[in-house]
Amino acid sequence: MSTVPTDDRLPELDGAPLFLLDELPDAVEVLVGGSEGRHAVDVLRLTPGERVRVGDGRGTVAEGEVAAAGPEGLRVAVSARHEVPLRALELVLVQALPKGDRGPLAVELATELGVDRIVPWAAARCVTRWREDRAAKGVARWRAAARAASKQSRRPRVPEVTDVMTTRQVCGELADLDVALVLHEQARHPLARVDLPSSGSVAVVVGPEGGLSDGEVVALNAAGARPVRLGPEVLRTSTAGAAALAALSVRTRWA
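Residues numbered from 1 in each chain as written. Predicted model: local features only at pLDDT ≥ 70, side-chain atom pairs only at ≥ 80, totals over all residues. Heavy atoms only, no water.

Student: Help me understand the overall build of the chain, please; the structure alone is not making it clear to me.
Tutor: Scanning the chain from terminus to terminus reveals 6 helices and 12 strands. On C-alpha atoms alone, the chain measures out to a radius of gyration of 20 Å, which is about the 18 Å that the 2.2 N^0.38 rule sets for 255 residues. Taken over 255 residues, the chain has a buried fraction of 47%. In the chain, 75% of the contacts between residues at least 6 apart in sequence involve partners at least 24 apart. Separation of charge centres in the chain, based on 32 positive and 34 negative side chains, amounts to 6 Å. (Helix = DSSP H or I, 4+ residues; strand = E, 2+ residues; numbered from the N terminus. Rg over C-alpha atoms; globule rule 2.2 N^0.38 Å. Buried < 20%, exposed > 50% of the residue type's maximum accessible area, 1.4 Å probe, protein only. Contact = heavy atoms within 4.5 Å. Lys, Arg positive; Asp, Glu negative; His and termini not counted. Charge placed at Lys NZ, Arg CZ, Asp CG, Glu CD.)

And the structure:
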């Protein structure tokens, strides 16, 4: 078995599925059990000899072949391990809380489009309010959505989902980043013309369906965030972040 350092992409395995474990043992054979194993055996119906990957969601990925599939789950004979480093340019999404299922949808889309960190934001005009135990449940749901989308898109690293933040806390976060952009339909400067660094961090702030309050615009601007527009259309809060991340990835990652 070999250990292979790679860039932020893994060698192609013809669409081989990726399974995530809380801890990935350093062994020649790995057991994928629990719900992951049941999904592999009962839903995907994987059989001995098929190629798969198993990761820890933090950049370590083992690849190999299915050695056995049964009631205990999936046993994988490991042939190589990859240590995928963090990307040079971190993409951060500050997402105002959408209503209903649109929050997990926004997280899924952002994950598939390469976001590295997601910050749930309790903006002033959010319809959804996370109070007390609802905040913990909401964040847990977003984290589960990020993990599921990482498996689906074969990402070696699951994006971080922080605890929900207030506007004051968001502004504190933005002040420490290299570039901060706020999507605003009245902005004159298009996102496509923003100068982007090759390394560091770029954040995109997406407001709620009701729009940003005047106070939030002032506070975000004071934190160094620049207002930008995506295009002539006004997108929903649950899809605007994904559109912005796609535009950024075209320029920084998908060349």
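Student: Help me understand the sheet that holds strand β10 (residues 179–183), please; the structure alone is not making it clear to me.
Tutor: Backbone hydrogen bonds are what pair the strands of a sheet, in a parallel or an antiparallel way. Taken in spatial order, the 6 strands line up as β9-β8-β7-β11-β10-β12 in an open sheet, and their pairing is parallel. Among the strands making up the open sheet, the edge pair consists of β9 (160–161) and β12 (226–228). By the bridge criterion, 3 bridges tie β10 to β12 in an arrangement that is parallel. Across the sheet, Leu181 pairs through a bridge with Arg226, a residue of β12. (Pairing = 2+ DSSP bridges.)

Student: Whenever I open this one, the nonpolar core confuses me. Can you help?
Tutor: As a rule of thumb, soluble globular proteins bury nonpolar side chains together. Counting 50 residues, the largest nonpolar core has Trp121, Val170, Leu174 and Leu220 as its most contacted members. Mapped onto this core, the elements with two or more residues apiece are β7 (89–96), α2 (102–112), β8 (117–121), α3 (133–152), α4 (167–175), β10, β11 (200–206) and α6 (237–252). Counting residues per element, this core draws most heavily on β7, which supplies 6 residues. (Core = buried A, V, L, I, M, F, W, Y, C linked by side-chain atoms within 4.5 Å.)

Student: How do you make sense of the pairing of strand β4 (residues 51–55) when you look at a structure like this?
Tutor: In the case of a regular strand, side chains alternate between the two sheet surfaces. Burial runs high along β4: 4 of the 5 residues are buried. Bridge count for strand β2 (residues 18–20) against β4 is 3 bridges, and the pairing is parallel. Across the sheet, Leu18 pairs through a bridge with Arg53, a residue of β4. As paired strands, β4 and strand β5 (residues 60–70) are joined by 5 bridges and run antiparallel to one another. Bridging from a neighbouring strand, Val52 pairs with Gly64 of β5.

Student: Teacher, can you tell me more about the pairing of β7 here?
Tutor: Among the 8 residues of β7, 7 are classified as buried, and the element is accordingly described as predominantly covered. When β7 meets β11, the two strands line up parallel, connected through 7 bridges. Following the sheet pairing, Val94 is matched in β11 by Val205. With α2 bridging β7 and the parallel β8, this β-α-β connection has right-handed handedness. (Right-handed = clockwise from strand over helix to strand, strands pointing away.)

Student: Mind showing me how you'd approach the packing of α2 against α6 here?
Tutor: Packed helices, taken two at a time, are described by their axes: the angle between them and the distance between them. Between α2 and α6, the shortest axis-to-axis distance is 8 Å and the interhelical angle comes to 5°. With respect to each other, α2 and α6 are oriented roughly parallel. Listed contacts from α6 to Arg102, Leu105, Ala106, Leu109 and Ala110 of α2 are Ser238, Thr239, Ala242 and Leu245. Here the contact of α2 with α6 is built from residues that sort into 6 nonpolar, 2 polar and 1 charged. (Axes fitted to C-alpha atoms, helices over the stretch in contact; angles between N-to-C directions. Parallel < 35°, antiparallel > 145°, perpendicular 65-115°, else oblique. Nonpolar A, V, L, I, M, F, W, Y, C, P; charged D, E, K, R; others polar.)

Student: Would you explain the side chain of His82 in this entry?
Tutor: Within the fold, His82 resides in strand β6 (residues 73–83). A polar atom in the side chain of His82 sits 2.7 Å from the side chain of Glu63. (Polar contact = N/O pair within 3.5 Å; in protein donor to acceptor, adjacent residues only side chain to side chain.)

Purely geometric stuff here, so don't read any function into it on its own.
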